[in-house]
Amino acid sequence: MNEERTSIHGQWSSKFAFILAATGCAVGLGNIWKFPYITGENGGGAFVIIYLICIVLMGLPVMIAEVLLGRRGKHSPINSMRYIAQEESASRWWQLIGWSGVVAGFIILSYYSVIAGWSLAYIPIMAEGTFNVVQSLSSPEAVKQFAQNNFATLISNPITLIGWHTAFMAVTIIMVSGGVKGGLERAVQFMMPALFVLLLVLLGYAISTGDYFIKGVEFLFRVDFEALFYPNCTPDSCEFSGRGVLVAMGQAFFTLSLGMGSIMVYGAYLSQKTSIAKTTAVVVAADTMIAILAGLIIFPIVFSNQLAPGAGPGLVFQTLPIAFGQMPWGTFFGTLFFILLAFAAWSSSISIAEPVVSWLVEATSLSRRVLCIFVGFLAWFIGLITVFSFNIWSEVKPLSNFTMFENSTLFDLLDFLTVNIMLPLGGLAMAIFVAWVMRSRSVTQELKTTESSVLYRLWLFALRFITPLGVGLVFLNAIGVFS
Ligand code: PHE
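Report follows, based on the coordinates. Residue positions are counted from 1 within each chain, in the order its sequence is given. Given that the model is predicted, a residue must reach a pLDDT of at least 70 before its local features are reported, and side-chain atom pairs must reach 80 or more before they are shown or counted; all residues, however, enter totals for whole chains, interfaces and linings. Side-chain measures here rest on the full set of heavy atoms in the structure, leaving out hydrogens and waters.

Our focus in this paragraph is the overall build of the protein. The helix and strand labels rest on DSSP assignments: H or I over at least four residues marks a helix, E over at least two residues marks a strand, and numbering proceeds from the N terminus. Assigned secondary structure in the protein consists of 20 helices and zero strands. Restricting the calculation to C-alpha atoms gives the radius of gyration, and the globule rule supplies 2.2 Å times the number of residues raised to the power 0.38. Taking 483 residues into account, the globule formula puts the C-alpha radius of gyration at 23 Å, and the protein, at 22 Å, falls close to it. Once the C-alpha set of the protein is aligned to its principal axes, its extents read approximately 70 × 50 × 40 Å. Of all 483 residues assigned to the protein, the portion counted as buried reaches 60%. For the protein, restricting intrachain contacts to residue pairs at least 6 apart in sequence, the fraction spanning at least 24 positions comes to 80%. What sets the accessible areas is the Shrake-Rupley method with a 1.4 Å probe; for residues, cover comes only from the shown protein chains. Working note: accessible area of the protein is about 18900 Å², and carbon and sulfur atoms make up 66% of it. The cut-offs for exposure are 20% and 50% of the maximum accessible area for each residue type, with area from a 1.4 Å probe on protein chains only; residues under the lower value are buried, those over the upper are exposed, and the others partly exposed. Contact criterion: two residues are considered in contact whenever any of their non-hydrogen atoms come within 4.5 Å of each other.

On to the site of the ligand, then. For each residue, the test is whether any non-hydrogen atom lies within 4 Å of the molecule or strand; if one does, the residue is near. Taken together, 15 residues are adjacent to the ligand, and Ala26, Gly30, Tyr112, Phe254 and Ser257 come closest. Between the ligand and the protein, one listed contact pairs an oxygen atom with a backbone N or O atom of glycine 30 at 2.8 Å. Distance and chemistry together define a polar contact, namely a pair of N or O atoms within 3.5 Å, with one atom able to donate a hydrogen and the other to accept it when in protein, and with adjacent residues in sequence counting only for side-chain atoms on both sides. Here phenylalanine 254 contributes a backbone N or O atom positioned 2.7 Å from a nitrogen atom of the ligand. At the level of secondary structure, the elements contributing two or more residues to the shell around the ligand comprise helix H1 (15-26), helix H2 (29-41), helix H12 (243-255) and helix H16 (330-363). Residues belonging to the shell around the ligand are distributed by class as follows: seven nonpolar, eight polar and no charged. Residue polarity is assigned by list, with Asp, Glu, Lys and Arg as charged and Ala, Val, Leu, Ile, Met, Phe, Trp, Tyr, Cys and Pro as nonpolar; anything else, Gly included, falls into the polar class.

Attention now goes to the pattern of salt bridges. Salt-bridge detection follows one rule: a side-chain nitrogen of Lys or Arg within 4 Å of a carboxyl oxygen of Asp or Glu. The final tally for this structure, using the stated rule, is seven salt bridges. Among the salt bridges present, the one from glutamate 446 reaches arginine 71, with a minimum N-O distance of 2.8 Å. Placement of glutamate 446 in helix H19 (residues 440-447) and of arginine 71 in helix H3 (residues 45-73) is noted, with a sequence separation of 375 residues between them. Classification of arginine 71 by relative accessible area gives buried; the value is 0%. A salt bridge links glutamate 88 to arginine 439; its shortest N-O distance comes to 3.7 Å. Of this pair, glutamate 88 sits in the loop between helix H4 (77-87) and helix H5 (96-127) while arginine 439 sits in the loop between helix H18 (410-437) and H19, and the two are 351 residues apart along the sequence. Judged by its relative accessible area of 36%, arginine 439 falls in the partly exposed class.

So, on to unusual backbone geometry. Residue lysine 74 is not a glycine yet carries a positive backbone phi of 55 degrees. Inspection of the secondary structure assignment puts lysine 74 in the loop between H3 and H4. Although it is not a glycine, serine 257 sits at a positive phi angle of roughly 60 degrees. Counting through the fold element by element, serine 257 comes out in the loop between H12 and helix H13 (262-268). Under the relative-accessibility criterion, serine 257 is labelled buried at 10%.

Now for empty space enclosed by the protein. Definitions used throughout: a 1 Å grid over protein atoms alone; a cavity as a set of points that fits a 1.4 Å probe which cannot get out; a pocket as an open set with protein on both sides within 12 Å along at least five of seven lines; a lining residue as one with an atom within 4 Å of a point. Grid points are joined across faces, edges and corners, and a volume is the space filled by probe spheres set on the points. Evaluation of the coordinates by the stated rule reveals three cavities of 30 Å³ or more. Approximately 130 Å³ is the volume attributed to the largest cavity. Around the largest cavity sit 17 residues that line it, and Cys25, Tyr112, Phe254, Ser257 and Ile352 are the ones nearest its centre. Those elements that provide at least two residues to the lining of the largest cavity are H1, H2, H5, H12 and H16. Among the elements that take part in the lining of the largest cavity, H16 stands out by supplying three residues, more than any other. Residues that form the lining of the largest cavity fall into these classes: ten nonpolar, seven polar and no charged.

What follows deals with the side chain of serine 348. In this structure, serine 348 sits in helix H16. With a relative accessible area of 2%, serine 348 lands in the buried category. Engagement of the side chain of serine 348 in a polar contact is seen with the backbone oxygen of valine 27, the distance being 3.1 Å. In contact with serine 348, not counting residues within four places along its chain, are Gly24, Cys25, Val27, Gly28 and Tyr112.

Of the volumes computed, that of the second largest pocket is approximately 460 Å³. Lining the second largest pocket are 19 residues, and of these Ile64, Ala277, Leu455, Tyr456 and Trp459 lie nearest its centre. Going through the elements one at a time, H3, helix H14 (276-304) and helix H20 (454-478) are the ones with two or more residues in the lining of the second largest pocket. Grouping the amino acids of the lining of the second largest pocket by side-chain chemistry returns 16 nonpolar, three polar and no charged.

Helix length check: H1, at twelve residues, gives a terminal C-alpha distance of 16 Å against a target of 16 Å (1.5 Å per residue), a fit within 8%. Of all the twelve residues making up H1, ten are buried; the element is thus mostly covered by neighbouring parts of the structure. Every buried residue of H1 is accounted for by Ala17, Phe18, Ile19, Leu20, Ala21, Ala22, Thr23, Gly24, Cys25 and Ala26. The span you would expect from a helix comes to 1.5 Å times its residue count less one.

The next point concerns the packing of aromatic side chains. Here a pair means two rings of Phe, Tyr or Trp (six-membered ring of Trp) with centres within 6.5 Å. Their orientation is stacked below 30 degrees between planes, edge-to-face above 60, and tilted elsewhere. Overall, the coordinates contain 36 aromatic pairs when judged by the stated rule. A centroid spacing of 5.4 Å and a plane angle of 15 degrees characterise the contact between phenylalanine 229 and phenylalanine 240, whose relative ring orientation is stacked. Of this pair, phenylalanine 229 sits in helix H11 (residues 225-229) while phenylalanine 240 sits in the loop between H11 and H12, and the two are eleven residues apart along the sequence. The class for phenylalanine 240 is partly exposed, based on a relative accessible area of 33%. Each ring, one from tryptophan 436 and one from phenylalanine 465, has its centre 5.7 Å from the other, and the planes form 85 degrees; the classification is edge-to-face. Pair noted here: tryptophan 436 is in helix H18 and phenylalanine 465 is in helix H20, with a separation of 29 residues, a long-range link. Judged by its relative accessible area of 45%, tryptophan 436 is partly exposed. By way of ring pairs, the aromatic residues Tyr111, Trp118, Tyr122, Phe151, Phe317, Phe324, Phe337, Phe338, Phe390 and Phe411 are connected into one cluster. Counted as over-ring charges are cases with an Arg CZ or a Lys NZ within 6 Å of the ring centre that also lie within 35 degrees of the ring normal. The cationic tip of lysine 34 hangs over the ring face of phenylalanine 254; the distance from NZ or CZ to the ring centre is 4.8 Å.

Structure follows, in structure tokens:
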């Protein structure tokens, strides 16, 4: 029966096209903007190790499960889950996975577009050569001030932010309107390789900072659990916090686009012939490599300019422009970099919108274009919350009574709710459904393997035990059970 189901939305033209699109979906702001700044905020090496462990033990297995669900269902996440649950004689409630993805999708898309808008804003800043003056500034302090002021000026102006946010969202909508082959696939074909090459150029620059490069490497890889578990130590008080681990796990889900249906819907457009496990492993490897690469580029620049690793969401936008200001051809490379970063963000944002859009296409008789405009507008509107979190509402901290959220703005809370709670729970639900609820015959058929295969058993073990245990422990820890 599964063989007869076809996707009404179209199909990727080849296995390679799927790898490219899924990599485009995974690689985005999460790798280049978020990974460095949360690593900086959580003390470096120990955080990175936990993150990598989460990627291998939970990210990869859950991603295989999510692609599998998509390809078997061949519809939007909501309908795929409905069909599969029916076939497996499971409860209708499993559809909730799809619904939670729709909610998470709207919220993530809303702030993703605002942050990606920052990248757009830096294109003209770099093109005008604004940062070339750092060469003539005498002290590192002055350079740092210059970069910080530049960023502060940008985010303090809601009108500018809304302008870039609107531009980013508009292009996202146009791309998603194009459908699978016309829009999604074409967009990522040459942008991803170009971004990778440019990152290598930047790595060359980072290596040229010599001692600072070593310092950056040490920061990323020297495992210091105290920095992770006791982030706010003063000489006389040290308070344990498990939040860093929760953040690392959330990041593993976010960076691989798991738990909300993006990867599921991309799986729905995958040909029945392609091997899910192999293609997925390539995507995970590429995503992880790019995040580490971003860290290796950014931290040497942080240290050589005496910036603080824990500078927060502005980290990339304060460090890289300085590097471009100092390097030969910096105006050119800087402009190109922010263009490519915007494209990496687009290839992700289209995948954030796709689960919702595909469901609306199935559920209504309206055209894909009209539905895209509707989804985009709604997400754009919710995005205003994020815009204002950085300026007129920067002091609005609704949960400041809880130590954990003392300094959290509305943006921080939306980010936390989706990335650290909804995505891990969504991923957990998918893991449980595939590993405990589905018949193993269906699963092995989809993976083209047998129950005796060692890799299959390892994968099943990870889904059955490690993911639930991991997500469970991290949550208990976060709500303070172990402190
Ligand atoms: N993985 C994307 C990134 O790293 C973000 C994303 C999250 C995309 C969830 C789709 C779904 O930027």
